[in-house]
Amino acid sequence: MNQSSVSIFRSVVLTLAMFAALTVALENINAQTSSKEKQTVAIPTVEQGNKNIRVLNGMPESQLIPTMKFITVSLGVACTYCHVMKEGQMDTAADDKETKRIARKMMKMVMQANAKTFHGEPQISCYTCHQGKAIPQGAPSFPVALKLMPPPGAPPLPSPNATPPLPTADEVLDKYTNAIGGPAAIEKIKSAVIHGSVANASGSTGTFEADQIAPDKGYDIMTTQRGTRVRVLNRQKGWEKTAFGVNELAGQQLQDAKLSLALYGNLNLKDQFTKFEVAGTDKIDNHDVYVVKTTRPDQKRERLYFDSESGLLLRRVTEMNSKVGVIPEATDFDDYREVEGVKLPGTIRLSAIDTQNPISTRKIEKIEFNTSIDNSKFDKPQG
């Protein structure tokens with residue numbers, strides 16, 4: 001090998017060595033970045049933020065309060081049925097009451113039954129047995145409903161009339177999109193400012209303002225006699241500020257908050273789910289509806305109820321799997337109104353499993369599209 005060939009060979013080897021070193025360095029950087037991202041999106045669990053958690057370990061912190069509310073509704077009791085009050089404050093960590101110790105055993109029973117009998121699916125819950133009673137009813141009550149068998153030789157019962165074939169999920173969703181204005185009109189909407197009033201079943205009333213920039217920036221402020229709550233979404237992050245401070249929104253909390261934005265939740269249904277299926281028909285008030293079962297990317301299930309005649313979305317029911325059962329939440333839409341060629345509901349009613357405030361109703365008074373919105377609104381609120 002001559003001197004020129006040796007020089008070329010050495011250059012090639014040096015270049016390959018440098019490339020290999022650069023590749024290793026980039027892999028290390030990517031690994032560190034991936035690790036940091038995982039740490040950033042880590043969802044806190046209940047035992048990390050609360051004392052004396054013994055049964056619900058591993059459950060997301062965001063599910064604790066909905067789970068407690070689900071238990072109170074299932075048993076028809078208040079929080080103080082299991083928890084004690086000390087110096088005017090609820091001591092949730094205290095084990096003073098026998099009812100709390102029994103509740104732990106019952107939750108274990110439900111979790112074990114679902115794990116062993118229903119392959120981990122939350123098919124049974126506290127409500128399955130209690131049905132709104134602190135002490136579940138173990139036998140039928142009197143009088144027992146009379147159901148007579150047909151006498152021997154009686155003619156067979158008439159077969160039900162054949163039901164018309166159901167539309168496909170795509171047909172239902174396309175009809176909805178056209179009913180609210182069509183793809184071209186929806187595409188023109190880049191921002192919205194919505195003002196209105198809010199009335200809660202608990203008796204409090206107030207006002208709200210919802211500012212949104214498509215597709216995933218939102219600022220929602222609601223003020224009632226009980227104070228002010230600010231909820232902010234900025235792409236993949238979110239926060240909620242109340243009198244108790246600022247708390248980050250994570251996991252399903254973040255996705256649920258995003259769905260509350262009209263520009264995303266009401267205008268872009270197809271972008272929100274990984275699976276659609278028309279499950280059947282139902283009736284809401286005097287409206288015949290198609291029921292569409294859906295699955296979100298976070299695996300949370302929803303049922304969408306579309307008016308079979310107008311195509312408009314009348315109800316949306318979400319289901320959250322918890323360790324003690326499936327916790328539903330329903331949102332009803334009414335009074336659709338057209339603004340710049342696009343229809344949005346003027347009345348939105350949220351029904352939750354919450355004995356303190358089971359229903360909250362928002363009335364929209366003003367909608368402005370494509371107005372300028374200060375981007376600083378979407379910064380994290382100060383504590």
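Residues numbered from 1 in each chain as written. Predicted model: local features only at pLDDT ≥ 70, side-chain atom pairs only at ≥ 80, totals over all residues. Heavy atoms only, no water.

Visitor: Would you mind showing me how to read the overall build of the protein chain here?
Guide: Helix and strand counts for the protein chain come out as nine helices and 15 strands. Looking at the 383 residues of the protein chain, the share that counts as buried comes to 36%. Sequence separation of 24 or more characterises 45% of the internal contacts of the protein chain that already satisfy a separation of 6 or more. As displayed, the protein chain offers around 23,500 Å² of accessible surface, 56% of which is attributable to carbon and sulfur atoms. (Helix = DSSP H or I, 4+ residues; strand = E, 2+ residues; numbered from the N terminus. Buried < 20%, exposed > 50% of the residue type's maximum accessible area, 1.4 Å probe, protein only. Contact = heavy atoms within 4.5 Å. Areas by Shrake-Rupley, 256 points an atom, 1.4 Å probe, with all protein chains shown as cover.)

Visitor: Please explain the nonpolar core as it appears in this structure.
Guide: When a protein is soluble and globular, its nonpolar side chains tend to lie buried together. Residues Phe306, Leu313 and Phe369 are the most contacted members of the largest nonpolar core, which totals 34 residues. Broken down by element, the residue count for this core peaks at five residues, all from helix 6 (residues 169–179). Setting aside chain neighbours within four positions, we find Phe369 in contact with Ile189, Ser191, Ala192, Leu263, Val339, Glu340, Val342 and Leu344. Val55, Leu56, Ile71 and Val324 belong to the second largest nonpolar core, which has 14 residues in total. (Core = buried A, V, L, I, M, F, W, Y, C linked by side-chain atoms within 4.5 Å.)

Visitor: What exactly am I supposed to notice about the side chain of Thr72 here?
Guide: Along the chain, the position of Thr72 falls in helix 3 (residues 64–75). For Thr72, the side chain forms a polar contact with the main-chain oxygen of Lys69, separated by 2.7 Å. Setting aside its immediate chain neighbours within four residues, Thr72 contacts Val77, Ala78, Cys79 and Thr355. (Polar contact = N/O pair within 3.5 Å; in protein donor to acceptor, adjacent residues only side chain to side chain.)

Visitor: So what exactly am I meant to see when it comes to helix 4 (residues 98–117) here?
Guide: Because the α-helix completes a turn every 3.6 residues, residues three or four places apart line up on one side. The terminal C-alpha atoms of helix 4, which comprises 20 residues, lie 28 Å apart, in line with the 28 Å expected from a rise of 1.5 Å per residue. Looking at helix 4, one finds that the buried residues are Lys100, Arg104, Met107, Val110 and Asn114. When helix 4 is viewed along its axis, its buried side chains cluster within an angular range of 125° and face the same direction. Away from the buried face of helix 4 by more than 90 degrees, exposed residues Lys105, Lys116 and Thr117 are located. (Expected span 1.5 Å × (residues − 1). Arc of directions from axis to C-beta.)

Visitor: Would you mind showing me how to read the pairing of strand 11 (residues 301–307) here?
Guide: The side chains of a regular strand alternate, residue by residue, between the two faces of the sheet. Most of strand 11 sits inside the fold, with five of its seven residues counted as buried. Of the strand pairs in this sheet, strand 10 (residues 287–295) and strand 11 are connected by seven bridges, and their pairing is antiparallel. By the bridge assignment, Lys293 is partnered in strand 11 with Arg303. What sits between the antiparallel neighbours strand 10 and strand 11 is a turn of five residues, in which Gln299 has the positive phi angle 70°. (Pairing = 2+ DSSP bridges.)

Visitor: It is not clear to me how the pattern of salt bridges should be interpreted in this structure. Could you clarify?
Guide: A pair can form between side chains of opposite charge whenever their charged atoms are brought close. The full count for this structure, using the stated rule, is 27 salt bridges. Close ionic contact of Asp174 with Lys270 constitutes a salt bridge, the shortest N to O distance being 2.9 Å. Residue Asp174 is found in helix 6, and its partner Lys270 is found in the loop between helix 9 (262–266) and strand 9 (275–284); the two are separated by 96 residues along the sequence. Taking the shortest distance from any N to any O, the salt bridge between Glu368 and Lys366 comes out at 3.8 Å. Classification of Glu368 by relative accessible area gives partly exposed; the value is 29%. Looking at Lys366, the relative accessible area reads 45%, which means it is partly exposed. Three or more residues are tied together by salt bridges with common partners; here these are Asp256, Arg296, Lys300, Glu302 and Arg316. (Salt bridge = Lys/Arg side-chain N within 4 Å of Asp/Glu carboxyl O.)

Visitor: Any chance you could explain the pairing of strand 13 (residues 325–339) here in plain terms?
Guide: Strand direction decides the pairing type here: strand 12 (residues 313–322) and strand 13, joined by eight bridges, are antiparallel. Looking at strand 13, one finds that Ser322 is bridged to Gly325. Turn length for the strand 12-strand 13 hairpin, with the two strands adjacent in sequence and antiparallel, is two residues. Summarising the sheet, strand 13 and strand 14 (residues 342–352) pair through ten bridges and their orientation is antiparallel. In the sheet register, Tyr336 faces strand 14, and the bridge partner there is Pro345. Connecting the antiparallel pair strand 13 and strand 14 is a turn made up of two residues, with Glu340 showing a positive phi of about 50°.

Visitor: When you look at unusual backbone geometry in this model, what are you seeing that I'm missing?
Guide: The omega torsion across Phe142 and Pro143 is 0°, close enough to zero to call that bond cis. Its identity is not glycine, yet Asp335 carries a phi of approximately 55°, on the positive side. We classify Asp335 as partly exposed; its relative accessible area is 38%.

Visitor: In this structure, what is going on with the packing of aromatic side chains? I would like to understand it.
Guide: In this description, a pair of aromatic rings is defined by centroid distance and the angle of the planes. With the rule as written, the count across this model stands at two aromatic pairs. Arranged with centres 5.6 Å apart and planes meeting at 65°, the rings of Tyr176 and Phe306 form a pair that is edge-to-face. You can see Tyr176 sitting in helix 6 and its partner Phe306 sitting in strand 11, a full 130 residues away along the chain. On the basis of relative accessible area, Phe306 is assigned to the buried category, the value being 1%. Taking 5.6 Å as the distance between ring centres and 75° as the angle between the ring planes, the aromatic pair formed by Phe273 and Phe276 counts as edge-to-face. On the basis of relative accessibility, which here comes to 7%, the residue Phe273 falls in the buried class. Taking the relative accessible area as the measure of exposure, Phe276 reaches 25% and is therefore partly exposed. In this arrangement the basic side chain of Lys258 is found over the ring face of Tyr264, its NZ or CZ atom lying 4.3 Å from the centre. Its guanidinium or amino end placed over the ring of Phe208, Arg362 lies 4.2 Å from that ring's centre, counting from NZ or CZ. (Phe/Tyr/Trp six-rings, centres within 6.5 Å; stacked < 30°, edge-to-face > 60°. Lys NZ or Arg CZ within 6 Å of the ring centre and 35° of its normal.)

Visitor: Help me understand the environment of Asp170, please; the structure alone is not making it clear to me.
Guide: Relative to the assigned elements, Asp170 resides in helix 6. You can call Asp170 partly exposed: its relative accessible area is 46%. For the pair formed by Asp170 and Glu277, sequence separation is 107 residues and the distance between their alpha carbons is 9.0 Å.

Shape descriptors only; they carry no functional weight alone.
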